[in-house]
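Results of the structural survey
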Amino acid sequence: MSVDNTPEQLLARQLSQLQALDALLQSEKDIIIKHSPDALNEVTAKKNELLMAIQTLDSHIGQNRQFLQDKRDGKFSEELKEIASVLESCQTQNQLNGQIIQQSQLTVERMKTSLLESHSKTSLTYDSKGKKSGGLSSLGLKA
């Protein structure tokens, strides 16, 4: 990143990155809903790269003396409000994606339990965490 970036350019770049993250999070939601693990891995890698770039730029902005002085003087209030709004949208979308993942995991766990129970009620055991798992009785082994 060049040193001669103006605070306006830095803020515009930050807003652009956050908007890209917001779009990526929406895409991630669609991929999670479609249960596409390969696409999810790709989106996760892109998201991590973008988050690193956002963090680097944010650090750079925080060290920019001209920006700090202009901010103290009350400049950039509209730009900062817009950035805060997009950031809030990203946080909300990320929380929603997390809730969707949690619900998916619960559904998978219920399905697993249901399959285990229907396989054979006599071979059903519990693991160390109290979750149901298939026993070894189908192999003729007893614990």
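The name given to the protein in an unreviewed UniProt entry is Flagellar protein FlgN, and the organism recorded there is Thalassomonas haliotis. As its UniProt record puts it under Function (unreviewed entry), the protein is described as follows: "Required for the efficient initiation of filament assembly." Of the protein, the UniProt comment under Sequence similarities (unreviewed entry) reads exactly: "Belongs to the FlgN family."

Now for the nonpolar core. Counting residues in hydrophobic clusters, the biggest one holds 18 residues, and the most contacted among them are Leu 11, Leu 21 and Ile 61. Of all the secondary-structure elements, those providing two or more residues to this core are α1 (7–34), α2 (37–62) and α4 (77–119). Per-element tally for this core: the top contributor is α1, with 8 residues. Aside from chain neighbours lying at most four places away, what touches Ile 61 is Leu 10, Leu 11, Gln 14 and Phe 67.

Attention now moves to unusual backbone geometry. Despite not being glycine, His 35 has its phi angle at roughly 55°, a positive value. Within the fold, His 35 resides in the loop between α1 and α2. We note that Phe 76 has phi near 70°; this positive angle belongs to a residue other than glycine. Within the secondary structure layout, Phe 76 lies in the loop between α3 (65–72) and α4.

Attention now moves to α2. Spanning 26 residues, α2 covers 37 Å between terminal C-alpha atoms, matching the ideal 38 Å at 1.5 Å per step. Within the sequence span of α2, burial applies to Val 43, Lys 47, Leu 50, Ile 54, Leu 57 and Ile 61.

Conventions used here
Residues numbered from 1 in each chain as written. Predicted model: local features only at pLDDT ≥ 70, side-chain atom pairs only at ≥ 80, totals over all residues. Heavy atoms only, no water. UniProt positions renumbered as here; feature names shortened; annotations may be inferred. Core = buried A, V, L, I, M, F, W, Y, C linked by side-chain atoms within 4.5 Å. Buried < 20%, exposed > 50% of the residue type's maximum accessible area, 1.4 Å probe, protein only. Helix = DSSP H or I, 4+ residues; strand = E, 2+ residues; numbered from the N terminus. Contact = heavy atoms within 4.5 Å. Expected span 1.5 Å × (residues − 1).

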